Amino acid sequence: MDIIPVLPSQNIERDIAWYREKTGFEPFYADPMYAGLHRDGQQIHLQWHADTEDDPLLGGSVIRILTGDAKGLFEEFVKRGTVAANTYRENTPWKTNEFGFYDLNRNAVFIMQPLD
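Residues numbered from 1 in each chain as written. Predicted model: local features only at pLDDT ≥ 70, side-chain atom pairs only at ≥ 80, totals over all residues. Heavy atoms only, no water.

(A) How the structure looks around the layout of surface pockets. Put simply, the largest pocket is a space of about 310 Å³. Lining of the largest pocket is provided by 14 residues; of these, Ile-3, Ile-4, Pro-5, Gln-42 and Gln-43 occupy positions nearest its centre. For the lining of the largest pocket, the secondary structure elements donating two or more residues are strand 4 (42-48) and strand 5 (62-66). Of the residues contributing to the lining of the largest pocket, the split by class is nine nonpolar, three polar and two charged. Estimates place the volume of the second largest pocket at around 170 Å³. Around the second largest pocket, the lining residues are Thr-23, Phe-25, Arg-39, Asp-40, Gln-42, Ile-65, Leu-66, Thr-67, Leu-73, Phe-77 and Ile-111. (1 Å grid on protein atoms, 1.4 Å probe; cavity = no way out; pocket = protein on both sides within 12 Å on 5 of 7 lines; lining within 4 Å. Points joined across faces, edges and corners; volume = space filled by probe spheres on them. Helix = DSSP H or I, 4+ residues; strand = E, 2+ residues; numbered from the N terminus. Nonpolar A, V, L, I, M, F, W, Y, C, P; charged D, E, K, R; others polar.)

(B) View of the pattern of salt bridges. A complete count under the given rule lists seven salt bridges for this structure. Asp-15 serves as the salt-bridge partner of Arg-14, at 2.8 Å between the closest nitrogen and oxygen. For Arg-14, a relative accessible area of 32% corresponds to the partly exposed category. Of the charged contacts in the structure, one is a salt bridge between Glu-26 and Arg-20, with a shortest N-O distance of 2.7 Å. Bridged by salt links that share partners, the residues Arg-39, Asp-40, Glu-76 and Arg-80 form one connected network. (Salt bridge = Lys/Arg side-chain N within 4 Å of Asp/Glu carboxyl O. Buried < 20%, exposed > 50% of the residue type's maximum accessible area, 1.4 Å probe, protein only.)

(C) Structural view of the side chain of Glu-98. Relative to the helices and strands, Glu-98 is located in strand 6 (residues 96-102). Those residues within four positions of Glu-98 in sequence are excluded, and the remaining contacts are Arg-64, Thr-87, Tyr-88, Arg-89, Thr-92, Phe-110, Ile-111 and Met-112. (Contact = heavy atoms within 4.5 Å.)

(D) Representation of the environment of Ala-85 in the model. Relative to the elements of secondary structure, Ala-85 occurs in the loop between helix 2 (70-80) and strand 6. By relative accessible area, Ala-85 is classed as exposed at 62%. Leave out the neighbours within four places in its chain, and Ala-85 touches Phe-74 and Val-78.

These figures come from the coordinates and say nothing about function on their own.
Quick look at the structure:
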């Protein structure tokens, strides 16, 4: 079983470009209202919201992406300008190595490697 997060977006085209540049996720489907992006067998979907009372953007969504090489991805994302070089956390109390960042809609994305 797999789970695919669907994150709110104010601008699908803008956010595809950001995810491509900052994370290496590439679109496999996109229209003005919805997009699917993938990288290394993982997917993130984006869904447009008007950010009105009837269709709130909300923001504040959080996703965690599991990987076997958090340090390698961290180094790549530092080069992309996605994260600062001092934000990698090793051996957290919850037994992970990880880092995180916010996308343009204030969705939190954490890349984590379980230590067990």
